[in-house]
Amino acid sequence: MSAKKLLIKPASVLLLVSASFNLQASWWEQGVEAYKSYKQSQDSDSSSSTTSSAFSNSELQKAFKQALSIGSEEVVKRLSVLDAFNKDPQIHIDLPSSLQPVQSILEKYGQGALLDDVELKINRAAEQAAPKAKDLFIGAIQDLSFDDIQKIYQGSDDSATQYLKSKTADKLRSEFKPIIEQSLSEVGALKAYDRLIANYKSMPFVPDIHANLQQHVVDESINGLFYYLAKTEAEIRKDPMKQSTELLKKVFSSSKG
């Protein structure tokens, strides 16, 4: 994609202002209309290059990146505080399903508190790891090309989230693994887990049990991040007031003039 200016004829600008803007259209829809105008300008004659433009395609690209950066930073901040995972039913990390036999037997013998202790601490580990996602998300957003933005504009309500997932999920797993391991140790989850398994194995006639607690917490932590990224993306698409920078106001916010 060339670095030409995003040329919008005065009539097109007036149409956007008087119709889309005043009808409270989402900033995302306005961006789509701006891109359509850009495409139309490519088919116009050379004299159109002297037409005054509302904003350049580089401004549109930068504004889009700002919107996604704001949204991703909000998500990381939200999930990095105490009880962000633990008390949120949408992303609370349960014990691995392979531990269900352990749960039923320990609860039968009045030792269910051991399970509760492990479950609390694995959620604490996820909360400690969440801040690491910020730099990865921002890096992926800054790497967005104008072609990427076109595809995301035309995609579903979570197309930007899916883009970030494709670019960061493997890196997140790699980055989260040592953090989760350290966090599980620091919050006492590994000791609590060992104690839980020891008590379980002391029971008569119990089957052998295997659970990769660390990998489970890594996967569920990442799932929680992308769950809220998708929700935030959908909100940003619908609500222009979510945008706060001057550039975003210039490119996407509604006009009262």
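Scroll up a little and you will see the structure.
Here, residues in each chain are numbered from 1, in the same order as that chain's written sequence. It should be noted that, the model being predicted, local features are given only for residues of pLDDT at least 70 and side-chain atom pairs only at 80 or more, the latter also being counted only at that level, while totals for whole chains, interfaces and linings use all residues. With hydrogens and water set aside, each side-chain value is computed from the structure's full complement of heavy atoms.

Before going further, it helps to examine the pattern of salt bridges. Salt bridge, as used here, is a side-chain nitrogen of Lys or Arg placed within 4 Å of a carboxyl oxygen of Asp or Glu. Summed over the entire model, instances satisfying the criterion amount to eight salt bridges. Where D117 meets R195, a salt bridge forms, and the shortest distance between an N and an O atom there is 3.3 Å. Linking D117 in helix 5 (residues 112-129) with R195 in helix 9 (residues 189-201), this pair joins segments that are 78 residues apart in sequence. Remark: exposure states derive from per-residue accessible area (1.4 Å probe, protein chains only) relative to the maximum for the residue type, with buried under 20%, exposed over 50%, and partly exposed in between. A residue is classified by how much of its surface remains accessible, and R195, at 39% relative accessible area, is partly exposed. R173 is the salt-bridge partner of D170, the closest N and O atoms lying 3.3 Å from each other. With D170 and R173 both in helix 8 (residues 159-186), this residue pair falls three residues apart, about one helical turn. Exposure remark for R173: the relative accessible area of 34% places this residue in the partly exposed category. Note on conventions: DSSP H or I runs of at least 4 residues are helices, E runs of at least 2 residues are strands, and numbering of each starts at the N terminus.

L79, I122 and F176 are the most contacted members of the largest nonpolar core, which totals 57 residues. Elements with a contribution of two residues or more to this core: helix 3 (57-79), helix 4 (100-108), helix 5, helix 6 (133-142), helix 7 (146-153), helix 8, helix 9 and helix 10 (213-238). When near neighbours in sequence (up to four residues on either side) are disregarded, F176 contacts A129, A130, K132, A133, V218, S221, I222 and L225. Nonpolar cores are built from buried Ala, Val, Leu, Ile, Met, Phe, Trp, Tyr and Cys residues. Side-chain atoms within 4.5 Å join them into one set. In this analysis, two residues are considered to be in contact whenever any of their non-hydrogen atoms come within 4.5 Å of each other.

What follows is about the packing of helix 3 against helix 6. In the contact formed by helix 3 and helix 6, the axes pass within 10 Å of each other and the chain directions differ by 170°. With respect to helix 6, the element helix 3 is oriented roughly antiparallel. Between helix 3 and helix 6 lies a crossing whose hand is right-handed. Of helix 6, the residues touching helix 3 (which contributes K65, L68, S69, S72, E73 and V76) are A133, K134, F137, I138, I141 and Q142. Axis definition: a line fitted to C-alpha atoms, over the contacting stretch in the case of helices. Angles run 0 to 180 degrees between N-to-C directions. Should an angle fall under 35 degrees it is taken as roughly parallel, and over 145 as roughly antiparallel, whereas 65 to 115 is taken as roughly perpendicular and any remaining angle as oblique. Left-handed describes a crossing whose near helix is turned anticlockwise from the far helix by less than a right angle; the clockwise case is right-handed.

Attention now goes to the packing of aromatic side chains. Side-chain rings of Phe, Tyr and Trp, where Trp is taken by its six-membered ring, are said to pair if the distance between their centres is within 6.5 Å; with planes under 30 degrees apart they count as stacked, over 60 as edge-to-face, and otherwise as tilted. Applying the stated criterion across every chain, the model contains two aromatic pairs. With 5.8 Å between their ring centres and 65° between their planes, F137 and F226 make a pair best called edge-to-face. You can see F137 sitting in helix 6 and its partner F226 sitting in helix 10, a full 89 residues away along the chain. Plain terms: the ring middles of Y227 and Y228 are 4.9 Å apart, the flat faces sit at 85° to each other, and that makes the pair edge-to-face.

So, about helix 6. The set of residues buried in helix 6 consists of A133, L136, F137, A140 and I141. Projection of helix 6 onto a plane perpendicular to its axis shows the buried side chains occupying an angular sector of 135°, all on one side. Directions drawn from the helix axis to the C-beta atoms are what define this arc.

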